[in-house]
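# Architecture at a glance
Here's the letter readout for the chains.
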Amino acid sequence: MKGYHNNHNQGKRRWRCLVIGVLFLVLLSMLVPLVFLLGLYHNGFHSTGHLSDRQTSSASATDQSSHIKELINNFAPTLPKIHQDLVINFTSGAENKTAISGTPVVLPVVPQPPPIRNDGAAAGTDEITKHKRNAVEESEKCELRFGGYCHWRDKHRENMKDFMVKKLKDQLFVARAYYPSIAKLPSQEKLTHELKQNIQELERILSESSTDADLPPQIQKKLQKMENVISKAKTFPVDCNNIDKKLRQILDLTEEETNFHMKQSAFLYQLAVQTMPKGLHCLSMRLIVEYFKSSAHDKELPLSERYSDPSFQHYVVFSTNVLAASVVINSTAVHARESGNLVFHVLTDGLNYYAMKLWFLRNTYKEAAVQVLNIENVTLKYYDKEVLKSMSLPVEYRVSFQTVNNPPASHLRTEYVSVFSHTHFLLPYIFEKLKRVVVLDDDVVVQQDLSDLWNLNMGRKVNGALQLCSVQLGQLRSYLGKSIFDKTSCAWMSGLNVIDLVRWRELDLTKTYWKLGQEVSKGTESAESVSLSTSLLTFQDLVYPLDGAWALSGLGHDYGIDVQAIKKASVLHFNGQMKPWLEVGIPKYKHYWKRFLNRHDQLLLECNVNP
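Remember, it's a predicted structure, so these values are computed and weren't measured experimentally.

This next bit is on the overall build of the protein. Scanning the protein from terminus to terminus reveals 18 helices and 16 strands. Across the 611 residues that make up the protein, the buried fraction comes to 45%. A total accessible area of about 33800 Å² is found for the protein, and carbon and sulfur atoms account for 55% of it.

Listed below in structure tokens is the structure:
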């Protein structure tokens, strides 16, 4: 019995030791994670996606927000500062203005530390000012790249369509960015499930809806529900790397889409600028057909005896646009005190010659005489006919520049400078018997009598023109080559020019023009640069400045011209890309041009030129 009793006591002890060992292991398994978590808490470290304190969660969220803002600022497009007085972009031709950007000198933007402020209102004002300044800089950047398109875009900007659909897509993208990190939180299964449900719901709605009109009636509630879920998700620490990646993706996609639409819009704008409108093309083709169907080719324009009589007032118009030339002549004749003294010489190319001739046979302009010349058939004594194989219209340059004297107040300014083409320099030999002519571009409208131009005493000057002193030759020095010129001289404008042909022949400026062209072309490959420099330098010190009241320019690119200034001007010049006969023309200026159209001509009605 005694041995049995000892064995029984030993069994009890073994059983107690086993129970104590199991309890110890259980207690140890509970204490180890607790000690680990407490150590993390006191040391300030935490694993990805886990925190044990609300205060730490708030601090982490703040750090994450600052990091995301810094990321957005780093990846946002920055606008370089242009370290030069002038940036030149070229456009050539009267109808087709193709922009060729110059090459600016770009300096890197040096970030400045933000000022320390305690006043919240002042900080908000700074944000508004910064936003406005960024908007101005972005507009100037667009203007440097695309010129007149930016002005047109600002005036024709439309409200965003399908705003709700776009907002749903943005919410879906943000929810997808937060979902992987929230799903890693074991204690947030409910939020993970709710977030997943909302994502699936929005995906289903967007798969069935492409416009706001397709959205279900209860979309506002679903939108608010998703916003609430995203707000909850933002209160938890998330994987910053994942959020950074998603934000990079949406930023890259947005920038790519913005650049694509910007380039596409600018291309379509340039296409609209360069392409002849359908109605004008129809009119030209119909006139050519009618010319050869009728006996018009056997007729001469009336009053032909005046064409070479220097006692009359002779106006020269270079144009390939029937309606544009017609408006110039009609507006001049209507406002002339004695229209019988007017003789108009329209110089055009072989393609438009017959359409021009028939048009001016069909239409009369009070008592004025009109001569149409095909530049390809004009014979000259001093120059080879090879020069005249191509008709060239006045060349127009887009000049963009900003002052650097006062950088905080500096703004980009754009001017369209028109100068003579090489065809203009043949005037003294095309009109050998004439002593003085007035050259009008085909994008001008005359509002007053121009007879006083024939009484101007220009002294020994050759070219009476409007001067554009906002653009000086010194600012164009990189395009004028090594020629000697006065840097403070103002650029002059074509559009309205009084030409002394006698003085021109004495100085043989045509020969000077060709020589300068050969010299300048040796130092540059740009034909536009050669044309600009040779035109300006040929008339250096030979320009008679006309009074500014004679002509007002900018109606083809400037939306802000004062109406009273327009009414007072003798000549309106639609220089710029937005010509009045184009769809992209500035609407509030178009009627100044349209009122001189022959609205009763049957061909205009048939071609829907004047609806």
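The subject of this paragraph is the confidence of the model for the protein. Scored by pLDDT, the protein has a mean of 74; 65% of the residues are at 70 or more. Low pLDDT, under 50, characterises residues 36-65; the stretch is placed with 21 contacts to residues that sit more than four places away or in other chains.

Attention now moves to unusual backbone geometry. Residue Lys-366 is not a glycine yet carries a positive backbone phi of 55 degrees. Looking at the secondary structure, you find Lys-366 in the loop between helix H11 (350-362) and strand E7 (369-374). Its identity as a non-glycine residue notwithstanding, Asn-608 has a phi of 55 degrees, on the positive side.

Right, let's get into the environment of Asp-214. On the secondary structure map, Asp-214 appears in the loop between helix H6 (189-208) and helix H7 (219-234). Overall, the relative accessible area of 39% leaves Asp-214 in the partly exposed class. Each C-alpha atom of the pair Asp-214 and Val-165 lies 9.3 Å from the other, and the pair is 49 residues apart in sequence. Setting aside residues up to four positions removed in sequence, Asp-214 forms contacts with Glu-208 and Ser-209. Engagement of the side chain of Asp-214 in a polar contact is seen with the side chain of Thr-211, the distance being 3.0 Å.

This part is about the pattern of salt bridges. Applying the stated criterion across every chain yields a total of 13 salt bridges. Here Glu-201 and Arg-204 are joined by a salt bridge, their closest N and O atoms 2.6 Å apart. With Glu-201 and Arg-204 both in helix H6 and three residues apart, the pair spans about one turn of that helix. Owing to a relative accessible area of 24%, Glu-201 belongs among the partly exposed residues under this scheme. Among the residues examined, Arg-204 registers a relative accessible area of 37% and is labelled partly exposed. What emerges from the salt-bridge pattern is a single network uniting Glu-201, Arg-204, Glu-208 and Lys-222.

Moving on to the UniProt feature "coiled-coil region" (unreviewed entry) in the protein. Look at the UniProt record and you will see "coiled-coil region" (unreviewed entry) annotated at residues 185-212. Between the C-alpha atoms that bound residues 185-212 there is a distance of 36 Å. The span itself is 71% helix and 0% strand.

Quick notes on the rules
The residue count restarts for each chain, going from 1 along the sequence in the order it is written. The predicted nature of this model means local features are confined to residues of pLDDT at least 70 and side-chain atom pairs, given and counted, to a pLDDT of 80 or more, with totals for whole chains, interfaces and linings taken over all residues. By convention in this description, side-chain values take in all heavy atoms of the structure and omit both hydrogens and water. Here a helix means four or more residues in a row that DSSP labels H or I, a strand means two or more in a row labelled E, and each is numbered from the N terminus. Relative accessibility thresholds used throughout: buried, under 20% of the residue-type maximum; exposed, over 50%; partly exposed, between the two (1.4 Å probe, protein chains only). Surface exposure here means Shrake-Rupley accessible area, sampled with a 1.4 Å probe, where a residue is shielded only by the protein chains that are shown. The pLDDT value tells you how sure the predictor is about a given residue, anywhere from 0 up to 100. Every residue pair with non-hydrogen atoms within 4.5 Å of one another is taken to be in contact. We call two N or O atoms a polar contact when they sit within 3.5 Å, provided that within protein one can donate a hydrogen and the other can accept it, with sequence-adjacent residues counted only if both atoms are side-chain atoms. A carboxyl oxygen of Asp or Glu within 4 Å of a side-chain nitrogen of Lys or Arg is what we treat as a salt bridge. UniProt positions are given in the numbering used here, feature names are shortened, and annotations may be inferred rather than shown by experiment.

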